[in-house]
Amino acid sequence: MPDLDRVAYGLVKVHVREWLGYVWVCLAEEPPSFEETVLGAVTERLGALDLIDNYEPTTLDLGRRITYDVKANWKLIVENFMECYHCGTIHPELVEVLPEFADGYAAQYYVGHGALFGENIQGFTVDGSPGVDRIPSLADEQDRRYYAITIKPQVFINLVPDHVIIHRMFPLAVDRTIVECDWLFLPEVVASGKDLDKSVELFHRVNEQDFEACERCQPRMSSRVYADGGVLVPSEHHIGIFHDWVKDQIARAPAAR
Ligand SMILES: [Fe+2]
């Protein structure tokens, strides 16, 4: 077919950026500012962008990757991640490590706040036993704390003293989302073959507990009563902002018009 214009019918171009050792893809013809959106989310949550660099995320190695097939909409998974009043009832291991989560306050409610480990907790592990080597460049105030960041639309970042956990969501249908979760550790920790099970098991359980809850909520969200997105209480103001963000994105998307 000599007349075929290979450029006109070629592969679709996408905008990419490399950050944290991942390739970030934007399908928009005119991508929004990476600094304002992705990096802005980190600044908004931690109070300063360079605080994430202390975890040396680009140098860390993949210690474990687990893929979850969740029968729920991706937005439900985001909402679940942003609040914590469900923590006391469905995350027994997590609230043992982070006692303030038992009170239900969202980790992402206060700018710059990281949830403090319990007094007798030695590491971010399923039973509070010591984890692996601490990331050396951490600031003292970042030690013994857990920070969670939501990067809209599809990424969660979790920071603890000896590892970084990254969730990436791939929506496949209105009620199905693949979540790929990576546990990143210091390269020497991964290379040494140290047992990472207790570190991985804590958030693996949190994932399973959260995703089961999302799957139970999903059918109810089809109710006409839920058409406007339900009722939000004051401590969910950041979830309200997420709702507004989604509506704004839909209004802007050419395909939706
Ligand atoms: Fe949760």
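Look up: the structure comes first, before these words.
Residues numbered from 1 in each chain as written. Predicted model: local features only at pLDDT ≥ 70, side-chain atom pairs only at ≥ 80, totals over all residues. Heavy atoms only, no water.

Draft legend 1. Inspection of the overall build of the protein chain at higher detail. Along the backbone of the protein chain there are eight helices and eight strands. For 257 residues, the compact-globule formula gives about 18 Å, and the C-alpha radius of gyration of the protein chain, at 20 Å, lands near that figure. Taking the principal axes of the C-alpha coordinates as reference, the protein chain spans close to 70 × 50 × 30 Å. Burial analysis of the protein chain (257 residues in total) assigns 44% to the buried set. Once local pairs closer than 6 in sequence are excluded, the contacts in the protein chain between residues at least 24 apart make up 63%. Summed over its atoms, the accessible surface of the protein chain is roughly 14400 Å², and 54% of this surface lies on carbon and sulfur atoms. In the protein chain, 23 side chains carry a positive charge and 41 a negative one; their mean positions are 5 Å apart. (Helix = DSSP H or I, 4+ residues; strand = E, 2+ residues; numbered from the N terminus. Rg over C-alpha atoms; globule rule 2.2 N^0.38 Å. Buried < 20%, exposed > 50% of the residue type's maximum accessible area, 1.4 Å probe, protein only. Contact = heavy atoms within 4.5 Å. Areas by Shrake-Rupley, 256 points an atom, 1.4 Å probe, with all protein chains shown as cover. Lys, Arg positive; Asp, Glu negative; His and termini not counted. Charge placed at Lys NZ, Arg CZ, Asp CG, Glu CD.)

Draft legend 2. Structural view of the state of the cysteines. Per the counting criterion, the structure on display carries one disulfide. Here Cys84 pairs with Cys87 through a disulfide, and the sulfurs are 2.0 Å apart. Negative torsions about the S-S bond denote left-handed disulfides, and the value of about -110° found for Cys84 with Cys87 makes this one left-handed. Look at Cys87 and you get buried, because its relative accessible area is 3%. Left without a disulfide partner, Cys181 is nearest to the cysteine sulfur of Cys214, which lies 14 Å away. With no disulfide partner, Cys214 has as its closest neighbouring cysteine sulfur the one in Cys217, 6.5 Å distant. (Disulfide = S-S within 2.5 Å.)

Draft legend 3. Broad picture of empty space enclosed by the protein. All told, the structure shown has three cavities of 30 Å³ or more when counted by the stated rule. Its boundaries defined by the atoms lining it, the second largest cavity holds a volume of some 50 Å³. Lining the second largest cavity are Ile77, Asn80, Phe81, Phe156, His167, Phe203, Asn207, Asp210 and Phe211. A per-element tally of the lining of the second largest cavity places helix α7 (residues 197–217) first, with four residues. A class-by-class count of the residues in the lining of the second largest cavity yields five nonpolar, three polar and one charged. (1 Å grid on protein atoms, 1.4 Å probe; cavity = no way out; pocket = protein on both sides within 12 Å on 5 of 7 lines; lining within 4 Å. Points joined across faces, edges and corners; volume = space filled by probe spheres on them. Nonpolar A, V, L, I, M, F, W, Y, C, P; charged D, E, K, R; others polar.)

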